[in-house]
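Listed below, chain by chain, are the residues.
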Amino acid sequence: MINIKSNREIEIMKESCQLAARTLNFIEDKIQAGMTTEDVNEICHKFITENGAYPSPLNYNGFPKSVCTSLNDVICHGIPSKKDKIKEGDILNVDVTTYYKNFHGDTNRTYFVGHVDPEIKRLVKVTYECMMAGIELCKPGARIGDIGAVIEEMAHDNGFSVVHEYCGHGIGREFHEDPQILHYGTRGTGVEMKPGMTFTIEPMINLGKRHCKLLKDGWTVVTKDKKPSAQFEHTILITESGFEILTLDPAKPYQPNFDE
Ligand code: MF3
Ligand code: CO
Ligand code: CO
């Protein structure tokens, strides 16, 4: 069942989404070689709770931490740990979900740690462009399958692969709602988009092959070939005329320039 949100619900949900985006802005210049992923977890936890929200991942199906931190060949759901030191040249995805006034807001970014290999930088840039291409086609009457089709096409054109096992999702009063948003697929198929739908688009794109492996901790998903994987995520709303990205901080809307 797909929940259509009322204007009142959307206004509240937007506050949660913006707080999640502010958290990612807050940590951007704090992520540095030498710190651990647990340090990142603590900074995010403090920021989220001091702003009156709850970090949705904490205790979600037993997840032990407040954010997911996915380094290099970790595709998603990395568990912050004191043992995982961030080093120069790494890419680190931080996935923040806030629960605020009964609504979830879900967003993630992949950060560069110092100087990153140009091919890995290209992976991150293309992953962001894949997410944005998926977002920009959203409007009433478009189909969910259109999102996966454009993402898959763009990833493959650039020589990269798309993770199939994890997907975007409806979001609102629940962390994960219908529909599922696959990041591969066929144009013109799937659920038709309608005003008031809210869902995430969060492609995971691999430098090598698409195949993944779940580690024994039951959460951490890594690439089988140990090559890097990148991800970006926004929560979006379908409006009467198109889409609105809810997970943008109005004070500092994220607009990366990967060519700097
Ligand atoms: N934030 C992730 C998503 O984009 C879900 C994390 S679930 C957790 O859907 F339990 F690992 F935190
Ligand atoms: Co999500
Ligand atoms: Co997320």
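Since this is a predicted model, take the numbers as computed values, not measurements.

J.: Could you give an account of the overall build of the chain, with specific residues and numbers?
T.: If you tally the helices and strands in the chain, you get 4 helices and 15 strands. Its C-alpha atoms give the chain a radius of gyration of 17 Å, near enough to 18 Å, the size a compact globule of 260 residues would have. With the C-alpha coordinates aligned to their principal axes, the bounding extent of the chain is approximately 45 × 45 × 40 Å. For the chain, with 260 residues in total, the buried portion stands at 55%. For the chain, the computed accessible surface area is about 11500 Å², with 50% contributed by carbon and sulfur atoms. Looking at charge distribution, the chain has the averaged site of its 29 positive side-chain charges lying 3 Å from that of its 37 negative ones.

J.: Describe empty space enclosed by the protein, and please don't skip the residues or the numbers.
T.: To find the voids left in a structure, one rolls a probe of water-molecule size over its atoms. Scanning all chains against the criterion turns up 1 cavity of 30 Å³ or more. A volume near 40 Å³ is recorded for the largest cavity. Lining the largest cavity, in full, are Ser70, Asn72, Val74, Ile75, Ile91, Leu92, Asn93, Thr110, Ser229, Ala230 and Gln231. Going through the elements one at a time, β3 (74-76), β4 (91-100) and β13 (229-231) are the ones with two or more residues in the lining of the largest cavity. Of the residues contributing to the lining of the largest cavity, the split by class is 5 nonpolar, 6 polar and no charged.

J.: Explain the coordination of the cobalt ion (ligand 3) to me, and be specific about the residues and the numbers.
T.: The textbook angles at a metal center are 109.5 degrees for a tetrahedron of four donors and 90 or 180 degrees for an octahedron of six. Coordination of the cobalt ion (ligand 3) by the protein comes from Asp95 (OD), Asp95 (OD), Asp106 (OD) and Glu233 (OE), over a distance range of 2.0 to 2.3 Å. Considering all 6 donor atoms around the cobalt ion (ligand 3), the spread of angles at the metal, 58 to 170°, places the coordination shape in the irregular class. For the cobalt ion (ligand 3), the single-chain donor residues occur in sequence as D-x10-D-x126-E. The metal-metal distance between the cobalt ion (ligand 3) and the cobalt ion (ligand 2) is 3.3 Å, with Asp106 serving as a donor to both. One end of the pair, Asp95, is in strand β4; the other, Asp106, is in strand β5 (residues 103-112), with 11 residues separating them in the sequence. Residue Asp95 shares its accessibility class with Asp106, and that shared class is buried.

J.: Lay out the coordination of the cobalt ion (ligand 2) in plain terms, naming residues and giving numbers.
T.: Protein coordination at the cobalt ion (ligand 2) comes from Asp106 (OD), His169 (NE2), Glu202 (OE) and Glu233 (OE), with a distance range of 2.0 to 2.2 Å. Geometry at the cobalt ion (ligand 2) is irregular, judged from its 6 donor atoms and the angles of 52 to 163° they form at the metal. All donors of the cobalt ion (ligand 2) belong to a single chain; written as a sequence motif, their spacing is D-x62-H-x32-E-x30-E.

J.: Provide a residue-level description of the site of ligand 1, including the pertinent values.
T.: Neighbouring ligand 1 are 14 residues; Pro57, His169, His176, Glu202 and Glu233 lie closest to it. Here Asp95 contributes a side-chain N or O atom positioned 3.0 Å from a nitrogen atom of ligand 1. The separation between a nitrogen atom of ligand 1 and a polar side-chain atom of Thr97 is 3.3 Å. Here ligand 1 has 340 Å² of accessible area as a free molecule, and 97% of this is covered by the chains.

J.: Could you give an account of helix α3 (residues 118-136), with specific residues and numbers?
T.: With 19 residues, α3 ought to run about 27 Å at 1.5 Å a step, and its terminal C-alpha atoms sit 27 Å apart, in line with that. Along α3, the positions that sit buried rather than exposed are Ile120, Leu123, Val124, Val126, Thr127, Tyr128, Cys130, Met131, Met132, Ala133, Gly134 and Ile135. Where α3 begins, the capping side chain belongs to Asp117, and its oxygen is found 3.0 Å from the backbone nitrogen of Glu119.

The rules behind these values
Residues numbered from 1 in each chain as written. Chains lettered and ligands numbered in written order. Predicted model: local features only at pLDDT ≥ 70, side-chain atom pairs only at ≥ 80, totals over all residues. Heavy atoms only, no water. Helix = DSSP H or I, 4+ residues; strand = E, 2+ residues; numbered from the N terminus. Rg over C-alpha atoms; globule rule 2.2 N^0.38 Å. Buried < 20%, exposed > 50% of the residue type's maximum accessible area, 1.4 Å probe, protein only. Areas by Shrake-Rupley, 256 points an atom, 1.4 Å probe, with all protein chains shown as cover. Lys, Arg positive; Asp, Glu negative; His and termini not counted. Charge placed at Lys NZ, Arg CZ, Asp CG, Glu CD. 1 Å grid on protein atoms, 1.4 Å probe; cavity = no way out; pocket = protein on both sides within 12 Å on 5 of 7 lines; lining within 4 Å. Points joined across faces, edges and corners; volume = space filled by probe spheres on them. Nonpolar A, V, L, I, M, F, W, Y, C, P; charged D, E, K, R; others polar. Donors = N, O, S within 2.8 Å, 3.2 Å for Na, K, Ca; no water. Tetrahedral: all angles 85-135°; square planar, octahedral: opposite > 155°, others 65-115°. Near = heavy atom within 4 Å. Polar contact = N/O pair within 3.5 Å; in protein donor to acceptor, adjacent residues only side chain to side chain. Expected span 1.5 Å × (residues − 1).

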